[in-house]
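Structural description and commentary
Next come the chains, spelled out residue by residue.
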Amino acid sequence: MNDILHQLRCIGCGAQIAGAEARPDFRCVACGELFDVEYPGWSQRGGKDRPNAGGLKWVLRERRSSSEALDQSGVWRFRELLPILGNYSNVVSLREGNTPLYHLTRSAKALKIDRLFVKHQGMNPTGSFKDTGMTAAISVAKEWGFECVACASTGNTSAAMAAYAARAGLKSLVLIPEGKIAWGKLSQAMDYGAVTCQLKSDFDGCMHLLSQIVKEAPIYLLNSVNPYRLEGQKTPAFEIAEAFDWSVPDHLIVPGGNLGNSSALGKGFREMLELGLVTRMPRISVIQAAGANPLVRSFREHQAAVLEPVMAHTRATAIRIGNPASWRKAARAIQETGGWCLDVTESEIAIAKAEIGAEGLGCEPASAVTLAGLKKLRAEGKVSSSDTVVLMLTGHTLKDADYTIDFHRGKLLGKEEIAGSETEIAGLRRDALAVEATPASVLAALKGRAG
Ligand code: F0G
């Protein structure tokens, strides 16, 4: 553990502690809030540990042609920006990160935005953005000598944790809400060998239980309350800036669940600004599902000063979270960048997901809230046609195939939910056709669809 270069700072009371002093639930002893990883040597210009912006850009370009495993990871090639390990031989990597940035052409045209991109984090080794955080935190667990790791999850964290734990030779424990996670994700946790417990509870209940368990047994907690996870999850911000030649987009739009991801991306951009790698931050907006919108309510009713948990309901199961752990960090990212926090309905999510699919990209339902949210921001005049916009697609389309099939078969949404959007939805649905095995029938089907 590189306790020389980093320390932890409580986001509530400002207490500073060494990494080794963190409690098993990663909450501050004094005030109960979460910690940020902080690099004291960066804060002064010319400080001896402060990465030099020009030099770092050069090194990053050089690493593109390197065959070193560390340089091929989209997380560890930025290692000067997350110096959390004492020894890089502890890195557990599946070559995560380096995900594609695609132009979203049809939606750009429909929304009259010239420069609309998606950063597809679903193209990570286990199919979600969680891999970038997991490589960082599992490497820390290995360095610390833990033998068992655990997380509560709506599915993707458990898939990522199980895979990285298996690579590291660690035992892993997964707590999931019974019947409320997509099969694709559950199958991954099983396949990678995790001890998977389905609890008669929701995500928030699983999280609460796990916080108690880690206080009783030497188990390393890998939810995003673990600040080292966020160090990995901030690296897509670096990749985005790098892709735009170290300028930044005007808007970054992120789905909100437990709110670790938006917090991490905010930290990534904040640190690049502090180090002089970029000259400004994008506006960071967080989009939640209307049935799981505690942060939206907190902004609406309390200017993000308090958060009241809600009972969460949405078919976008990845973000079915009513009591998000990292809400203060996410609120800070939104407020300091001048972004927005809003929610979208079940039919808006389904339509946006089908539109992303129709562009040949696809994503899981929780990711599609970003496009649905962008439509609203555009309609309200908060995003202009000359702005550069990046949507974070957090999970692969195959994560939740049932949702997609139900949508295309017309079984996903109720009548009331689609009221007013019937034509739009009918235009996007592509059910498989039952066709006779003759050339004429197949060609007729093709003609019918083309028409
Ligand atoms: N998108 C996907 C696909 C997710 O799996 C998650 C969270 C989010 C968005 C929200 O990100 O929690 O950082 O705000 N999934 C977690 C899990 C909770 O257990 O897999 P967040």
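This structure is a prediction, so every number in the text was calculated from the model and none was measured.

Thoughts on the overall build of the chain
A count of helical and extended segments in the chain gives 18 helices and 13 strands. Its C-alpha radius of gyration of 22 Å places the chain within 12% of the 22 Å reference for a compact globule of 451 residues. When contacts within the chain are restricted to residue pairs at least 6 apart in sequence, long-range pairs at least 24 apart make up 69% of them. For the chain, the exposed area adds up to about 18,500 Å²; of that, 51% sits on carbon and sulfur atoms. The average position of the 52 basic charges and that of the 48 acidic charges among the side chains of the chain differ by 3 Å.

As for the site of the ligand
Surrounding the ligand, one finds 20 residues, the nearest of these being Ser-153, Thr-154, Asn-258, Leu-259 and Thr-394. Take Asn-156: an N or O atom from its side chain is 2.8 Å from an oxygen atom of the ligand. Contact distances for the ligand include 2.7 Å between a nitrogen atom and a side-chain N or O atom of Thr-394. At the level of elements, α5 (156–168) and α10 (260–275) are the ones that each hand at least two residues to the shell around the ligand.

Some thoughts on the packing of helix α11 (residues 294–302) against helix α12 (residues 327–337)
Remark: α11 packs on α12, axes separated minimally by 11 Å, with the N-to-C direction vectors making an angle of 60°. Our classification of the angle between α11 and α12 gives oblique. The element α11 and its partner α12 pack so that their crossing is right-handed. Side by side, α11 and α12 meet where Leu-295, Ser-298 and Phe-299 of the first sit next to Trp-327, Ala-330, Ala-331, Ile-334 and Gln-335 of the second. Looking at the contact of α11 with α12 residue by residue, the class counts come to six nonpolar, two polar and no charged.

Some points on the sheet that holds strand β1 (residues 7–10)
What the three strands build is an open sheet, ordered β2-β1-β3; its pairing is antiparallel. The open sheet terminates on both sides in strands that have one partner only, identified here as β2 (16–17) and β3 (35–38). Across four bridges, the pairing between β1 and β3 is antiparallel. By the bridge assignment, Arg-9 is partnered in β3 with Asp-36.

Scoring rules and cut-offs
Residues numbered from 1 in each chain as written. Predicted model: local features only at pLDDT ≥ 70, side-chain atom pairs only at ≥ 80, totals over all residues. Heavy atoms only, no water. Helix = DSSP H or I, 4+ residues; strand = E, 2+ residues; numbered from the N terminus. Rg over C-alpha atoms; globule rule 2.2 N^0.38 Å. Contact = heavy atoms within 4.5 Å. Areas by Shrake-Rupley, 256 points an atom, 1.4 Å probe, with all protein chains shown as cover. Lys, Arg positive; Asp, Glu negative; His and termini not counted. Charge placed at Lys NZ, Arg CZ, Asp CG, Glu CD. Near = heavy atom within 4 Å. Polar contact = N/O pair within 3.5 Å; in protein donor to acceptor, adjacent residues only side chain to side chain. Axes fitted to C-alpha atoms, helices over the stretch in contact; angles between N-to-C directions. Parallel < 35°, antiparallel > 145°, perpendicular 65-115°, else oblique. Left-handed = near helix turned anticlockwise from the far one by under 90°. Nonpolar A, V, L, I, M, F, W, Y, C, P; charged D, E, K, R; others polar. Pairing = 2+ DSSP bridges.

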